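The primary structure of each chain is shown beneath.
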Amino acid sequence: MDYVIIESSAWEALKSRIEGLHERMSELFGSRAEPTELLPGEAVCRILGVSRRTLQYYRDTAALPFVRIEHKCYYRREDVAALLAESGSPEPPPNRLPEGV
């Protein structure tokens, strides 16, 4: 292991420049966002009280945004809560069977 010794004035100057860089980056890019919680499809089905097929319909019609990670779909907790908070739930998929069958 190597040790480097610097004068305290050089250390303070370096520290000041790093703090200035941090402030500038925060101005440009904003503060770090809190990570969002991703829910698997099974949990979303339980929360919404819908089947997997209805959840697929919500994805197909963009009623519920999702992310795909390694061939699995995940949903942000905020998006699921927003869907629940809407005045009416998204329209269910149309019945594909003819009337009376």
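Summarised in this report is the structure supplied together with it. (Residues numbered from 1 in each chain as written. Predicted model: local features only at pLDDT ≥ 70, side-chain atom pairs only at ≥ 80, totals over all residues. Heavy atoms only, no water.)

## Some thoughts on the packing of aromatic side chains
Per the counting criterion, the structure on display carries two aromatic pairs. Ring centres of Tyr57 and Tyr58 lie 6.4 Å apart, and the angle between their planes is 55°; this geometry places the pair in the tilted category. Per residue, the accessibility class of Tyr57 equals that of Tyr58, and both read buried. Taking the centre distance of 6.4 Å and the plane angle of 50° together, the rings of Phe66 and Tyr75 count as tilted. Seen from the ring of Phe66, Arg59 lies directly overhead, with NZ or CZ sitting 5.7 Å from the centre. (Phe/Tyr/Trp six-rings, centres within 6.5 Å; stacked < 30°, edge-to-face > 60°. Buried < 20%, exposed > 50% of the residue type's maximum accessible area, 1.4 Å probe, protein only. Lys NZ or Arg CZ within 6 Å of the ring centre and 35° of its normal.)

## Structural notes on helix α3 (residues 52–60)
Where α3 is concerned, the buried positions are Thr54, Leu55, Tyr57, Tyr58 and Arg59. Where α3 is buried, its residues meet α2 (41–48), β3 (72–76) and α4 (77–85). After α3 finishes, the residue Ala62 shows a positive phi value of roughly 60°. (Helix = DSSP H or I, 4+ residues; strand = E, 2+ residues; numbered from the N terminus. Contact = heavy atoms within 4.5 Å.)

## What about the sheet that holds strand β2 (residues 67–69)?
Reading across the sheet, the three strands line up as β1-β3-β2 and stay open at both edges, with antiparallel pairing between neighbours. Looking along the sheet, the strands with just one partner apiece sit at the ends: β1 (38–40) and β2. On average, adjacent strands in this sheet sit at an angle of 45° to one another, irrespective of strand direction. Strands β1 and β3 of the sheet are contacted by α2, whose axis makes an angle of about 85° with β1. (Pairing = 2+ DSSP bridges. Axes fitted to C-alpha atoms, helices over the stretch in contact; angles between N-to-C directions.)

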